[in-house]
Every structure is written in C-alpha cells, then in structure tokens.
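Results of the structural survey
One-letter residues, chain by chain:
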Amino acid sequence: MVKISNVRVRPLVLPLKQPYHWSYGIRQTFAVNLIEIEADDGTVGIGECTVAPDQGGTAAILKRLAAHLVGQSPYDVVPLLSRIFHQEYLGHGANLMRAANQMFSGIDMAMWDLQGRLAKLPVHRLLGGAHRKAVGYFYFLQGETAEELARDAAGAHAAGERVFYLKVGRGEALDLEIVAAVRREIGGARLRLDANEAWGVHEAITMCRKLEKFDIEFIEQPTVSWSIPAMAQVRESVGIPIVADQSAFTLHDVYEICRQRAADMICIGPREIGGIQPMLKAAAVAEAAGLKICIHSSFTTGITTSAEHHIGLTIPNLDDGNQIMWQLVGKDIVASPDLAPKNGWLDAFQQPGLGFTLDENLIAEGERRFQASRQG
Ligand SMILES: [Mg+2]
C-alpha cells in the first residue's frame, strides 16, 4: 500500500494584475504557501494555504502539521487531520479552529489531489460524483474609481458575463457612486455586493435601503464576522437578501447561521472550512436548512480554483455564481487546464486528481519574491 514519503512547503508571493480595492484596504500581491505531498511511488499531490498573519510563520506551522503525514496512507486524510488537530491544537488548549482550518485546507487539498492522481480519477468522482456538467462563476469587477469599475463592467457585460460582483464598504458616497455606475453599464444583469464586515447594524440597514433601487441580488457580510445575531438583525430589517461570508469559517458557524436564520445563502470555501472534504459537510448542514452554498475564494491561485471546481461539481445545493480569484494574479501558476469560465460557466475537469499542471518557472519566481520580501 502506498505511503506518504515526503512533504514540502514552498512560500510564494505573486503580484496582481492591478491593485485590489476592498473595505480592508488595498493589496498588490497574493501570498500562498504551496504544499507538495509525495507518495513513495513518486506521485505528488499539491495544495495551497493562505498565510496570515506571517507567511514564514505559517509555513513553519504547516511543515510541523504535515510532518505527521509521513509514513501514513493518503487515503486516511480525514482521520489524520482530525488527529493532528487534537494533538497539535486542542491538546495544548489551543481551540483555534479558524486558524487551523486555514492550514488544513492546503493539506486536505494536496491529499485529495494525491489520491486522485494515484487512482487516475478526477477528485469529484472520489467524492461521490458530479451533480452537474459545469459550475457557474460570477464576474469580479476590478478598479478603484467609479469610472474604472464602470469600464470593467461594460467590457464584461459586452463579453456575455451573467453575474457581477462588486466590493462596497468603501464609504457611503463612493459606494453609491460605484454601484450606480456599474448598474448603468450592465442593464438588467444580476449584481451582487460585498461589504466585507464594513458596517454596523444601523449603517448596514441604512445602506441597504439606499442601495435597494439598484436591484441588488444580495449583499455579502454587511456586518462584523463575529456577531451572527448582528447579521440576523440586518436581514430581518431589509429587503435585500443577505449572504454570510466571514461569519462562516467552521462547521459550527454554518450551523449557527442556519439556526439563527441569519443569512439567505452561505458563502464559504475550502480555505476557511479546512479543505475539500469539510466543504461537503458544510454544504450538508446548509442543505438541511434549505440554503445554497456559494463557493468563496480569497487570495488564491488556480490550485484552489481547481479544488473549488471539484467541490462545485459535487455539492448538490450549489449557487450558480461562485467566486474564483486566480484571474486577478498577474501570471497564474496553473499552466493547464484553462480556468477561464465561458459566459460564466466552466466545464467539469476529467483529468486525474485536481487536474492541473503547474508552471515551475512561475513558482520559482514566486519563491524568490518571498525570499526578497524577507530580506527587505
Ligand atoms: Mg466575501
């Protein structure tokens, strides 16, 4: 029986095509820690993790956690990760499930990729099979000013995009200006907003009332992530549907959001919930509450996009406007397959594992950029 023989962690810094504007500020790069899990027959599975608050620090944690995998079977991913969480976190009184999930996400992703490559089957077939032939994705508008965002919206609308997504929470005057400008360009197309925790309850209710005339499909995470009741209060008071994002990081968060009827949909991704397999559990809890899942992505490359795509194929209660982020990176490290949706749809991948090949030169450049950032 095949065993894991080696684990490598490679910190990468990847510049974006253009500055990224949202309620938390402005970003110029995405940083990820790549994880490669090698079996004793030479097959390698690959995943990636987010890096907050310190990339070198999280790389060291990831190495420590993944060291437990050496000598183990890649087919035991679920009990292995459970044991690591108990041993390395709970056993020390460190009930840090959100932080742990961010580390486990990349390990879980790599383990499923490895299983698929060993079995010569796409990951969605290992997870029970595909519910659909293609997954729907929204168009993520980029720009700083109303003029830049409107120009992006006009181009994407002309290109046949179905669902548009815009960051707000950047100040009332600018928010109203950019939403009006985008709505003018996209006609009757679907428009979603994401406030990323920017508002208090009263402000959120006021903003929703001012935004209602722009026919908003939903507003994501209007209020702070740690208060589910705050989001529920907004939802009870406004006409625009509310979607939970930063409030939903763990299975227990998903349950509480459902129980408190705090959202009309749950936006969650592998990077929060801890990988591919935990996403199926989160979706099942939401399904029981009658809610759909909108896959969430954040500061990720095509590696996570590929994992999200297999999840999207597998979850029954999936929304048709999911999030991907690889397209914001200057040069994505995934060389194939083509991850660009056509008119907002991306067909199922049939290649073994998560199905991607990587550009080793871009990875080496990303590593050098990380090293340079440590010296600077
Ligand atoms: Mg969001």
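How each quantity is defined
Residues numbered from 1 in each chain as written. Predicted model: local features only at pLDDT ≥ 70, side-chain atom pairs only at ≥ 80, totals over all residues. Heavy atoms only, no water. Pairing = 2+ DSSP bridges. Helix = DSSP H or I, 4+ residues; strand = E, 2+ residues; numbered from the N terminus. Contact = heavy atoms within 4.5 Å. Axes fitted to C-alpha atoms, helices over the stretch in contact; angles between N-to-C directions. Core = buried A, V, L, I, M, F, W, Y, C linked by side-chain atoms within 4.5 Å. Buried < 20%, exposed > 50% of the residue type's maximum accessible area, 1.4 Å probe, protein only. Domains from an automatic or database assignment. Donors = N, O, S within 2.8 Å, 3.2 Å for Na, K, Ca; no water. Parallel < 35°, antiparallel > 145°, perpendicular 65-115°, else oblique. Nonpolar A, V, L, I, M, F, W, Y, C, P; charged D, E, K, R; others polar. UniProt positions renumbered as here; feature names shortened; annotations may be inferred. Salt bridge = Lys/Arg side-chain N within 4 Å of Asp/Glu carboxyl O. Phe/Tyr/Trp six-rings, centres within 6.5 Å; stacked < 30°, edge-to-face > 60°. Lys NZ or Arg CZ within 6 Å of the ring centre and 35° of its normal.

Turning next to the sheet that holds strand β8 (residues 218-220). Taken together, the seven strands give an open sheet; going across it, the order is β5-β6-β7-β8-β9-β10-β11, and neighbouring strands pair in parallel fashion. Both outer strands of the open sheet, β5 (139-140) and β11 (293-295), are each paired with one neighbouring strand and no more. Across three bridges, the pairing between strand β7 (residues 190-194) and β8 is parallel. Across the sheet, L193 pairs through a bridge with I219, a residue of β8. Here helix α6 (residues 172-186) sits on the sheet in contact with β6 (163-167) and β7, set at roughly 160° to β7.

As a further point, take the nonpolar core. Core analysis: the biggest nonpolar cluster contains 123 residues, and I37, I107, V179, L211, I219 and I266 have the highest contact counts within it. Inspection of this core shows a minimum of three residues originating in each of domain 1 (4-124 + 359-375) and domain 2 (128-353). Counting five residues, the second largest nonpolar core, distinct from the first, contains F218, V243, M265 and C267.

Let us now look at the coordination of the magnesium ion. The protein atoms that coordinate the magnesium ion are D194 (OD), E220 (OE) and D245 (OD), at distances spanning 2.1 Å. Motif for the magnesium ion, donor spacing along one chain: D-x25-E-x24-D. Note that E220 is positioned in strand β8 and D245 in the loop between β9 (242-244) and α9 (251-259), a separation of 25 residues in sequence. D245 carries the same exposure label as E220, and that label is buried.

At a minimum axis separation of 9 Å, α9 and helix α11 (residues 276-288) run at an interaxial angle of 10°. When the axis of α9 is compared with that of α11, the two are roughly parallel. Here α9 contributes L251, V254, Y255 and C258 to the contact with α11, which in turn contributes K281, A282, V285 and A286. Here the contact of α9 with α11 is built from residues that sort into seven nonpolar, no polar and one charged.

Right, let's get into the sheet that holds strand β3 (residues 44-49). Strand order in this open sheet of three strands is β1-β2-β3, and the pairing throughout is antiparallel. Two strands bound the open sheet, and with one partner strand each, they are β1 (4-22) and β3. Within the sheet, the average angular offset between the axes of one strand and its neighbour, ignoring direction, is 20°.

This next bit is on the side chain of N322. Looking at the element boundaries, N322 is found in the loop between α12 (302-314) and β12 (334-336). Judged by its relative accessible area of 0%, N322 is buried.

Our focus in this paragraph is the UniProt feature "domain: Mandelate racemase/muconate lactonizing enzyme C-terminal" (unreviewed entry) in the protein chain. According to UniProt, the positions carrying the feature "domain: Mandelate racemase/muconate lactonizing enzyme C-terminal" (unreviewed entry) are residues 146-241. Helix makes up 51% of residues 146-241 and strand 14%, and the two end C-alpha atoms of the span are 24 Å apart.

Time to look at the pattern of salt bridges. The full count for this structure, using the stated rule, is 22 salt bridges. Of the charged contacts, one joins K210 and E172 as a salt bridge, the two residues approaching to 2.6 Å between their closest N and O atoms. Of this pair, K210 sits in helix α7 (residues 201-211) while E172 sits in helix α6; the two residues are 38 residues apart in sequence, bridging distant segments of the chain. E172 sits in the partly exposed class, given a relative accessible area of 39%. Each member of the salt-bridge network shares a partner with another, and the members are R8, R10, E36, E38, E360 and E367.

We now examine unusual backbone geometry. Leaving glycine aside, a negative phi is the common case for residues, and trans is the common case for peptide bonds. With an omega of 0°, the peptide bond between A52 and P53 qualifies as cis. Within the element layout of this structure, P53 appears in the loop between β3 and α1 (55-66). Its identity as a non-glycine residue notwithstanding, R261 has a phi of 45°, on the positive side. The residue R261 is located in the loop between α9 and β10 (265-268) in this model. In the Ramachandran plot, N343 falls in the positive-phi region, its phi being about 50° despite a non-glycine side chain. Relative to the elements of secondary structure, N343 occurs in the loop between β12 and β13 (345-347).

The next point concerns the environment of A262. Position of A262 among the secondary structure elements: in the loop between α9 and β10. On the accessibility criterion, A262 (0% relative accessible area) is buried. Between the alpha carbons of A262 and G355 there is a distance of 36 Å; along the sequence they are 93 residues apart. Among residues more than four places away in sequence, those in contact with A262 are I228, M231, A232, R235, I242 and I257.

Counting across every chain of the model gives 14 aromatic pairs. Their ring planes at 80° and their centres at 6.2 Å tell us that F85 and F104 sit as a pair that is edge-to-face. With a gap of 19 residues between them, F85 in helix α2 (residues 77-88) and F104 in helix α3 (residues 97-119) connect regions that are remote in the sequence. Since its relative accessible area comes to 9%, F85 is described here as buried. Taking the relative accessible area as the measure of exposure, F104 reaches 5% and is therefore buried. Chaining the aromatic ring pairs together yields one cluster made of Y20, W22, Y24, F30, F138, F140, Y165 and F299. Of note, R27 hangs over the ring of F299, and the distance from its end group to the ring centre comes to 3.9 Å. Above the ring of F356, the side-chain terminus of R117 is found at 5.3 Å from the ring centroid.

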